[in-house]
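In case you want the letters, here they are:
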Amino acid sequence: MTTATAIDIEKIRAKFPILHQNVNGKRLIYFDNAATNQKPQEVIDALTNYYQGYNANIHRGIHTLAEKATKAFEKTRDSMQKFINAKHVEEIIFTRGVTESINLVASSYGRAFLKEGDEVIISGMEHHSNIVPWQLICEEKKANLKVIPVSEIGDIDLEEYRKLLSRKTKIVAVNHASNSLGTINPIKKIIQLAHEVDAVVLIDGAQAAAHLDIDVQNLDCDFYCISSHKMYGPTGVGILYGKKSILEKMPPYMGGGEMIKEVTFAKTTYNDIPYKFEAGTPNISDVIALNAAILFINNLGKDQIAEHENELLEYAVEKLSAIPKLKLIGTAKNKVAVQSFIVDGIHPFDIGQMLDARGIAVRTGHHCTQPLMERLGIEGTIRASFSVYNTKSEVDELADGLMRIVNIMKG
Ligand code: C6P
């Protein structure tokens, strides 16, 4: 059974070779999309074509292969600029992932502009990647880290956020969507309020890029971070968007090739953005293949993707709610298609293993959000996260599997 949305799920599924296999003797059902989603054939082909046809180092070579590789690499930068509606192409910096993008900002911007007594605000539902880099820089600069509380159902407390903001606030860093709960945060409001006290805002878009429209000019965020592997692209590539005027005044993050203008032993001058922040040979093949992932999303249309995924989420909530002893975790109104849950008396890890035995891949544990788990008074959850290639019949199998597990454990 497929869903009744306008997109043709079977046609989409045919593009993903990995989905057509058995795991533990059962048809694979992949519900771990928030960790990393699967790659369509065009992304896999782009990787193969590069290595078979024009593998070469970029920017420095004048031979034909180097020029072809450079052009393809820079094409992804152009596509990403359009994808998030950045004003300037040089505002797009390639990194290894969201984690590196956040570390780059914390190290470079934080080291240059934070002073003793300044404050950095994050939320209580941040991934460790949007906590630890701020702890490190706050410790170094003797600045203070403040945390916006999160409600029981998984909403940011905007009133408390307003109270935390002051002239001491220099940086606000929050996620667009939570990986553990699925909550879509009111980032436009968060950004606007931060700007009223002249703080800069970094948005962790790891869980948004494959699902939500991103318009950095409309949001007016100062930094926006994306991981390619969570938007149908290869692993090992991230994007850091930064406003040109801010990136230009930030010092380099890493030193090496490509990020320099001129090197002498007495003094080195740095390249212009974005290259100032792209030291060394980048991940050429994976950046090139990311372009195919962007095209895949654009061709389907984010609205269509979101419509299908929201339908799956609604269906999953209905099905999971009918299972005895199961409690949904993360029930905010505005969500991406991520549903966490726990089952009374059964450890999440055991449920994950029993589902795996049925060919169903879910994630279990704290999802790199330990402070959030502590806030909710739980050790971890089982998390099912949905993608455009998932179907309602797969949700039926998840619910059926859970019902059996609960019954077995009861008996
Ligand atoms: N979340 C998950 O299963 P990297 O690893 O750098 O691509 O992304 C880190 C990251 C940062 N922020 C958020 C909101 C995230 O969800 C992630 C990655 C994975 O939820 C792995 S823990």
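Residues numbered from 1 in each chain as written. Predicted model: local features only at pLDDT ≥ 70, side-chain atom pairs only at ≥ 80, totals over all residues. Heavy atoms only, no water.

1. Considering the domain arrangement of the chain
On domain assignment, one finds that the chain holds domain 1 (4–40 + 301–406) and domain 2 (44–298). The C-alpha-based centres of domain 1 and domain 2 are spaced at 27 Å. Counting residues at the interface gives 41 residues for domain 1, matched by 36 residues for domain 2. Both sides of the domain 1 and domain 2 interface together cover about 3,200 Å² of buried area, and 52% of this is carbon and sulfur. Its largest share of buried area at the contact with domain 2, domain 1 owes to K302, V336 and L372, together 21% of the area lost on that side. Taken together, domain 1 and domain 2 are joined by one salt bridge. For R375, the salt bridge goes to E152, with nearest N and O atoms at 3.2 Å. Here domain 1 is connected to domain 2 by 30 residue pairs in polar contact (both at pLDDT 80 or more). Looking at the side of domain 1 that touches domain 2, the elements with two or more residues in it are α11 (302–321), β14 (338–343) and α13 (370–376). Take the side of domain 1 that touches domain 2: its biggest share by element is six residues, from α13. Split by residue class, the side of domain 1 that touches domain 2 holds 20 nonpolar, 13 polar and eight charged. (Domains from an automatic or database assignment. Contact = heavy atoms within 4.5 Å. Buried area = accessible area lost by both parts, 1.4 Å probe. Salt bridge = Lys/Arg side-chain N within 4 Å of Asp/Glu carboxyl O. Polar contact = N/O pair within 3.5 Å; in protein donor to acceptor, adjacent residues only side chain to side chain. Helix = DSSP H or I, 4+ residues; strand = E, 2+ residues; numbered from the N terminus. Nonpolar A, V, L, I, M, F, W, Y, C, P; charged D, E, K, R; others polar.)

2. A look at the pattern of salt bridges
As enumerated under the stated definition, the model contains 22 salt bridges in all. R60 is paired through a salt bridge with E258; the nearest N and O atoms lie 3.8 Å apart. In this pair, R60 is assigned in the loop between α2 (41–54) and α3 (64–83) and E258 in the loop between α9 (244–249) and β11 (260–263), connecting sequence segments 198 residues apart. In this structure R60 comes out as partly exposed when scored by relative accessible area, which is 48%. Notably, a salt bridge pairs R77 with E74, separated by 2.7 Å at the nearest N-O pair. (Buried < 20%, exposed > 50% of the residue type's maximum accessible area, 1.4 Å probe, protein only.)

3. Considerations on the side chain of H211
If you trace the backbone, H211 turns up in the loop between β8 (200–204) and α8 (216–219). Judged by relative accessible area, H211 falls into the buried class, the value being 13%. Side chain to side chain, H211 and E309 meet in a polar contact 2.6 Å long. Ignoring sequence-local partners within four residues, the contact set of H211 consists of K302, A306, E309, V336 and F386.

4. What to know about the nonpolar core
Judged by nonpolar contacts, the single largest core of 82 residues is most densely connected at M80, I84, V172, Y224 and M231. The greatest single-element share of this core, amounting to 11 residues, is contributed by helix α10 (residues 284–300). Both domains that meet at this core, namely domain 1 (4–40 + 301–406) and domain 2 (44–298), each give it at least three residues. Here Y224 is in contact with H176, I203, G205, A208, I214, V216, L219, I239, L240 and Y241, once residues within four sequence places are set aside. Among the nonpolar cores identified, the runner-up in size contains 28 residues, and V105, Y109, I171 and F223 belong to it. (Core = buried A, V, L, I, M, F, W, Y, C linked by side-chain atoms within 4.5 Å.)

5. Looking at the sheet that holds strand β7 (residues 169–175)
Taken in spatial order, the seven strands line up as β4-β10-β9-β8-β7-β5-β6 in an open sheet, and their pairing is mixed. The sheet is open, and its two borders are formed by β4 (92–95) and β6 (144–148), each paired with just one other strand. Strand-to-strand, the axes of this sheet are offset by a mean angle of 20 degrees, without reference to chain direction. Packing of helix α5 (residues 132–141) onto the sheet brings it into contact with β5 (119–123), β6, β7 and β8, and relative to β6 it is tilted by some 145 degrees. (Pairing = 2+ DSSP bridges. Axes fitted to C-alpha atoms, helices over the stretch in contact; angles between N-to-C directions.)

6. Here's the deal with the site of the ligand
The environment of the ligand is made up of 17 residues, and the closest members are T99, D204, Q207, S227 and R363. T99 places a side-chain nitrogen or oxygen 2.6 Å from an oxygen atom of the ligand. Contacts to the ligand include D204, whose side-chain N or O atom sits 2.5 Å from a nitrogen atom. Across the shell around the ligand, the residue classes tally to five nonpolar, eight polar and four charged. Three or more residues apiece are contributed to the shell around the ligand by two domains, here domain 1 (4–40 + 301–406) and domain 2 (44–298). (Near = heavy atom within 4 Å.)

7. Observations concerning the environment of I405
Locating I405 in the fold gives a position in helix α14 (residues 392–410). The exposure class of I405 is buried, given its relative accessible area of 4%. A sequence separation of 375 residues divides I405 from Y30, and the C-alpha atoms of the two residues are 18 Å apart. Each residue touching I405, except ones within four places of it in the same chain, is listed here: I346, I351, M354 and L355.

8. Describing α2
Its 14 residues place the ends of α2 19 Å apart at the C-alpha level, agreeing with the 20 Å of an ideal helix rising 1.5 Å per residue. Residues of α2 that are buried include every one of V43, A46, Y50 and Y54, and no others. Buried positions in α2, seen along its axis, are confined to an arc of 65 degrees and lie on one side of it. Among the exposed residues of α2, those pointing more than 90 degrees away from its buried face are Y51 and Q52. Where α2 is buried, its residues meet α3 and α10. (Expected span 1.5 Å × (residues − 1). Arc of directions from axis to C-beta.)

9. Points about the pairing of β8
Counted residue by residue, β8 has five buried out of five residues, so it is predominantly covered. Every second residue of β8 is oriented toward a common face, with V200, L202 and D204 on one face and V201 and I203 on the other, all of them buried. Between the parallel pair β7 and β8, the chain is carried across by helix α7 (residues 187–196), and the sense of this crossover is right-handed. Pairing of β8 with strand β9 (residues 223–227), which is carried by three bridges, proceeds in the parallel orientation. Note on β9: the bridge partner recorded for D204 is C225. (Right-handed = clockwise from strand over helix to strand, strands pointing away.)

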